[in-house]
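# Coordinates in review
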Amino acid sequence: MLELAIKGSKRYYGLLAALAGIAGLGGAFWLWQLDFGLGITGMSRDVSWGFYIAQFTFLVGVAAGGVMVVLPYYLHDYKAFGRITILGEFLAIAALVMCLLFIAVDLGQPMRMLNVIFYPTPNSILFWDMIVLNGYLFLNAVVGWNVLEAERNGTKYAPWVKVLVYISIPWAISIHTVTAYLYCGLPGRGFWLTAILAPRFLSSAFAAGPALLILLCLFVRRFTNFDPGREQIQSLAKIVTYALILNVFFFLCEVFVALYSKIPEHMDHLKYLFFGLHGHGALVPWMWTAMALMVLAIILLIPPKFRANENLLAISCGMVFLGTWIDKGLGMISGGFVPNPLHEVNEYIPTIPELIIALGVWATGFLVLTILYKVTVGVKEEAGA
Amino acid sequence: MESSRREFLKVAGVSAVGMGIGTQPVLDAFAASGGESGEAKAPKMVRGENALTAVHWGMVIDTRKLETAADLEPLIEACHKVHNVPHHEIKRHEIKWIWETEYHHAFPGKSNKYLNEGAEHRPFLVLCNHCENPPCVRACPTKATFQREDGLVLMDFHRCIGCRFCMAACPFGARSFNFRDPRPFIPETNKKFPTRCKGVVEKCNFCAELLAEGKMPACVEASNGAIAFGDLDDPESEVRKLLRENYTIRRKQTLGTEPSVYYIV
Amino acid sequence: MSKKIYNKDQVIAGLVIFIALVSFPFWYNLGKAAPAPKVELTKQAKEAKFCVRPTEYMKAEHMQLLDVWRDTVAREGKRIYVNEAGKRFTMSLSNTCLDCHSNKAEFCDRCHNYASVDPYCYDCHIDNPKEKK
Ligand code: SF4
Ligand code: SF4
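The present account deals with the structure reproduced in this document. Starting from 1, residues in each chain are numbered consecutively following that chain's sequence as written. By the order in which they are written, chains take letters starting at A while ligands take numbers starting at 1. In keeping with the model being predicted, local features are shown solely for residues with a pLDDT of at least 70 and side-chain atom pairs are shown and tallied solely at 80 or more, while totals for entire chains, interfaces and linings include all residues. Water and hydrogen atoms were dropped before computing side-chain values, which therefore reflect all heavy atoms in the structure.

## Let's talk about a nonpolar patch on the surface
Here is the rule: Like-charged residues are merged into a patch within 9 Å and nonpolar side chains (Val, Leu, Ile, Met, Phe, Trp, Tyr) within 5 Å, provided each residue has over 30% relative accessible area and no salt bridge. We get accessible surface area from the Shrake-Rupley algorithm with a probe of 1.4 Å; when it comes to residues, only the shown protein chains can shield them. One side-chain nitrogen of Lys or Arg within 4 Å of one carboxyl oxygen of Asp or Glu is enough to make a salt bridge. Under the DSSP-based scheme used, a helix requires at least four consecutive residues in state H or I and a strand at least two consecutive residues in state E, with every element numbered from the N terminus.
The grouping of V11, L15, F18, I19 and V22 of chain C at the surface amounts to a nonpolar patch, some 470 Å² of accessible area in total. Position of V22 of chain C among the secondary structure elements: in helix α1 (residues 8-22).

This is the structure:
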């Protein structure tokens, strides 16, 4: 089936080349980082995780979001999604590739990465995160590929594939739950120390993942002969709407608990993010932008009329994606580290090399996505012809 | 399809075997050093005769005897010198094992609005608490951070992958990361002690290497009696005596990590 | 899925070229193996006659020994090694091994270079403990 990936138009190859170029640039900077150490980033002993881990966290969400097309189709027999489950699964694969790469570039000693396997440590959440992420990657790769191949051959996939599908549904929930547990089980980090972190992560995931999927569907329809379908897109839009409302609701619960209880360890992080603390407030405009984007998106998504307008829907989905990205990919991690455990304010601002490396990882992910989608579209076009 | 699945299983099998081979020599070495030469003369590994031992090491800092920054300076210097802790000019890269801070930073939850003069103006020494219930150990995915039987929370730098999960987990900001090669920034290398390489986490080790030789930790030695170090489990030890006779506090007790460092204020 | 091989000749030619390329290092180096290096002992090492373990063992297995040493010292806090003769050594690369073998360049490095291994021990462990600098 892979041969479908190498028979493409000029535009397709142009896109691949551009992505590969960005990935290569990121790779070059990563080599520099390997040589120098993580000192080329903006991280410090106070904010010891930064942009990389934040991207990782956000993308775990995107990966988990893929389940929102798989679940209705396989559990509720919602036939329409049969057309696009592959798109969801392949999006998850690309997102997971990025997740794993972000972990890799964040490690101080990546060559020793396998120590996590040589010295398995079940009391570390990171150990479990490794298992669930790799497991989910494996599940999606096997399921996606087999289903697509069956579709191409005009046959039905083997029964064991269906078993893997059923396993993959709770597994998707687990990847983002475990990722939330990385943070919310740490004493002394008041911003994360909240039982609602995992639900909040999931709700933002189920908004961001399907929102991206909608954009991708519109893109595919525009540039290929495969139409993912209007009904499909509209159903996804409903999912995005509810998930986004939940996400904002959970966040407001968080805000209430912190601000009404006025316990400094919980409140000060929110203060830092939204108002600045002791004169430091690099993230303040970002956080308000994120909130504005999400609220505006809700307003644009709820009325069926607005939602039905696909141009408007595309804009709303862009806002959802951007808003949740700022919330999780910028605020969530550094917000937890500022103020630090001694209640000092040392801010974190990513450096240019750090951003370029991150961009390289994103480009790699989209390279994988482009190739996988090319194959998918190829199969669908063959079937349609 | 069928064949590609078989291919995959083969690859998976080979890599599993490869991993097994990777650990084999280590196992061999253990076997060899254990019972190789048969008779009673097999090599063995033991603790030094002078080594200081305890059931649970602990520290009591008498902050009344450490009044000014100048009093703390030599202690910090002693520690950082003996452990080859680098002095980075860039604040982001900073590494510290023991340092001075103000009362309300050392004890953020216990910071009264109106403090007595002493606590208000006195500098406080902070370092790893060698918690009895260490969250850093819980978090580490490789057991590079681990707790020894005698309560010391230590780093195995050989094993650390630099994920910095332990730094997020420590509620005391006790840990530092080597954001770059520390060697050029060590003013005067102590040749008896290793340096670190870039990409690993480090922190105070309660001078495990000195205890093994029968010596007290460097900061304790340099403190002119302001810091006591000993076995918290032994009612007759100096630390227990101090704890009996003085009211002491610990950092962030409410988190349940059970610090082994006590402060007399 | 049984399929006929298309372009059989080209496939075979391709395979031959591939194998030739992959095995290039082997036949390229055929017959010109570099002579094994001679390592030099310091006066102190010569006089000691016996290392921590028998020479043959040390030659072949010093890395495993060091690996056990590092785990035992770093993790168990046992720092003394008692060998079969009952002699005691502090398990320390810099302070024990390199104390005797203070000529790292002529002792360790020669062989490591020959075997093309680059142990990262010296990223942290001081490699010239005796040199005043
Ligand atoms: S103070 Fe921090 S680093 Fe030290 S043992 Fe406690 S949690 Fe771990
Ligand atoms: S940085 Fe090192 S010591 Fe800390 S958790 Fe990761 S592997 Fe363990």
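Having seen it, we continue.
## Focus on the pattern of salt bridges
Side chains that carry opposite charge are capable of pairing whenever their charged atoms lie near each other. For the record, the criterion: Here's how the labels work: a residue is buried when its accessible area is under 20% of the maximum for its type, exposed when over 50%, partly exposed in between, all with a 1.4 Å probe on protein chains only.
Applying the stated criterion across every chain, the model contains 28 salt bridges over all chains. With a shortest N-O distance of 3.7 Å, R88 of chain C and E49 of chain B are connected by a salt bridge. Of this pair, R88 of chain C sits in strand β2 (residues 88-90) while E49 of chain B is found in the loop between β1 (44-46) and β2 (57-62), placing the two residues in two different chains. Residue K65 of chain B is joined to D62 of chain B by a salt bridge in which the shortest nitrogen-to-oxygen separation is 3.9 Å. Look at D62 of chain B and you get buried, because its relative accessible area is 6%. Connected via shared salt-bridge partners are R221, D227, R230 and E310 of chain A.

## Description of the site of ligand 1
Basically, it comes down to this: By convention in this text, a residue qualifies as near a molecule or strand provided that one of its non-hydrogen atoms is within 4 Å of it. In this classification, the charged set is Asp, Glu, Lys and Arg, the nonpolar set is Ala, Val, Leu, Ile, Met, Phe, Trp, Tyr, Cys and Pro, and all remaining amino acids, among them Gly, are polar.
Residues in contact with ligand 1, as listed here, are C128, N129, H130, C131, P135, C136, V153, C170, P171, F172, R175 and K203 of chain B. In terms of residue class, the shell around ligand 1 is built from eight nonpolar, two polar and two charged.

## Details of the pairing of strand β4 (residues 124-127) of chain B
All names here are of chain B. Stated formally: Here a strand pair is declared whenever DSSP counts at least two bridges between the two strands.
With burial as the criterion, each face of β4 is covered, one bearing F124 and V126 and the other bearing L125 and L127. Taken together, the four bridges between strand β3 (residues 98-101) and β4 define a ladder with antiparallel strand orientation. Bridge pairing in β4 links T101 to F124.

## Examining the sheet that holds β2 of chain C
Keep this limit in mind: A fitted line through C-alpha atoms represents every axis, and for helices the fit uses only the stretch in contact; the resulting angles, taken between N-to-C directions, go from 0 to 180 degrees. Only heavy atoms enter the contact rule, under which two residues are in contact if any of them lie within 4.5 Å.
Pairing in this open sheet of three strands is antiparallel, and the strands run β1(B)-β1(C)-β2(C) from one edge to the other. The two strands at the open ends of the sheet, each matched to only one other strand, are β1 of chain B together with β2 of chain C. Direction aside, the axes of adjacent strands within the sheet are offset by 30° on average. For β1 of chain B and strand β1 (residues 80-82) of chain C, the ladder comprises three bridges, and the chain directions are antiparallel. Bridge pairing in β1 of chain C links K44 of chain B to V82 of chain C. Of the strands in this sheet, β1 of chain B together with β1 and β2 of chain C touch helix α4 (residues 55-76) of chain C, which is tilted by about 25° from β1 of chain B.

## Describing the environment of V47 of chain A
Residue and element names in this part refer to chain A. Topologically, V47 is positioned in the loop between α1 (10-36) and α2 (51-65). Overall, the relative accessible area of 0% leaves V47 in the buried class. It is 14 Å that separates the C-alpha atoms of V47 and H280, two residues lying 233 residues apart in sequence.

## As for the interface of chain C and chain B
Note the following rule: Note on terms: buried area is the combined drop in 1.4 Å-probe accessible area of two parts once they are placed together, counting the loss on both. Here a polar contact is recorded for every N or O atom pair within 3.5 Å, except that within protein the pair must consist of a potential hydrogen donor and a potential acceptor, and residues adjacent in sequence are included only if both atoms are side-chain atoms.
Contacts between the two partners involve 33 residues from chain C, matched on the other side by 37 residues from chain B. Together chain C and chain B conceal approximately 3,200 Å² of surface at their shared face, both sides included; 55% is due to carbon and sulfur atoms. Between the two partners, chain C and chain B, sit two salt bridges. On the surface where chain C and chain B come into contact, there are 11 residue pairs in polar contact (both at pLDDT 80 or more). When contributions to the side of chain C that touches chain B are tallied by element, the ones reaching two or more residues are α4 and β1 of chain C.

## Concerning the packing of helix α4 (residues 85-106) of chain A against helix α6 (residues 125-153) of chain A
Residues and elements named next belong to chain A. Let me state the cut-off plainly: Note on convention: the crossing is left-handed when the near helix lies turned anticlockwise from the far helix by less than a right angle, right-handed when the turn is clockwise.
It is at 9 Å that the axes of α4 and α6 come closest, and there the two elements cross at 145°. Considering the relative orientation of α4 and α6, their crossing is left-handed. Every residue of α6 that contacts α4 at I86, E89, F90, A92, I93, L96 and L100 is listed here: L133, N134, Y136, L137, N140, A141, V143, G144, W145, V147 and L148. In the contact of α4 with α6, the residues fall into 14 nonpolar, three polar and one charged.

## With respect to the packing of aromatic side chains
Condition: Two aromatic rings, drawn from Phe, Tyr or Trp (for Trp, its six-membered ring), form a pair once their centres lie within 6.5 Å of each other, and the interplanar angle then sorts them: stacked below 30 degrees, edge-to-face above 60, tilted otherwise. Definition used: whenever NZ (Lys) or CZ (Arg) falls within 6 Å of the ring centre and also within 35 degrees of the ring normal, the charge is taken to sit over that ring.
If you walk through the whole model with that rule in mind, you get 29 aromatic pairs over all chains. Both rings, one in F29 of chain A and one in W32 of chain A, keep their centres 6.1 Å apart while their planes meet at 65°; by these two values the pair is edge-to-face. Placement of the pair is F29 of chain A and W32 of chain A together in helix α1, with a separation of three residues, close to one helical turn. Under the relative-accessibility criterion, F29 of chain A is labelled partly exposed at 23%. Here a set of aromatic residues connected by ring pairs shows up, and it is made of W49, Y183, W192, F201 and F337 of chain A together with F165 of chain B. Stacked on the ring of F201 of chain A, the Lys or Arg K328 of chain A has its end atom at 5.0 Å from the ring centre. Lying across the ring of Y12 of chain A, K374 of chain A places its NZ or CZ 5.1 Å from the centre.

## Regarding the nonpolar core
All names here are of chain A. Just so we agree on the cut-off: What makes a nonpolar core is a set of buried Ala, Val, Leu, Ile, Met, Phe, Trp, Tyr and Cys residues whose side-chain atoms join them at distances within 4.5 Å.
F56, F102, Y183, I214 and Y373 are the most contacted members of the largest nonpolar core, which totals 162 residues. Sorting elements by how many residues they give to this core places helix α8 (residues 197-223) first, with 16 residues. The residues contacting F56, other than those within four sequence positions of it, are C99, F102, I103, D129, L133, T179, L182 and Y183.

No statement about biological role is implied by the geometric values presented.
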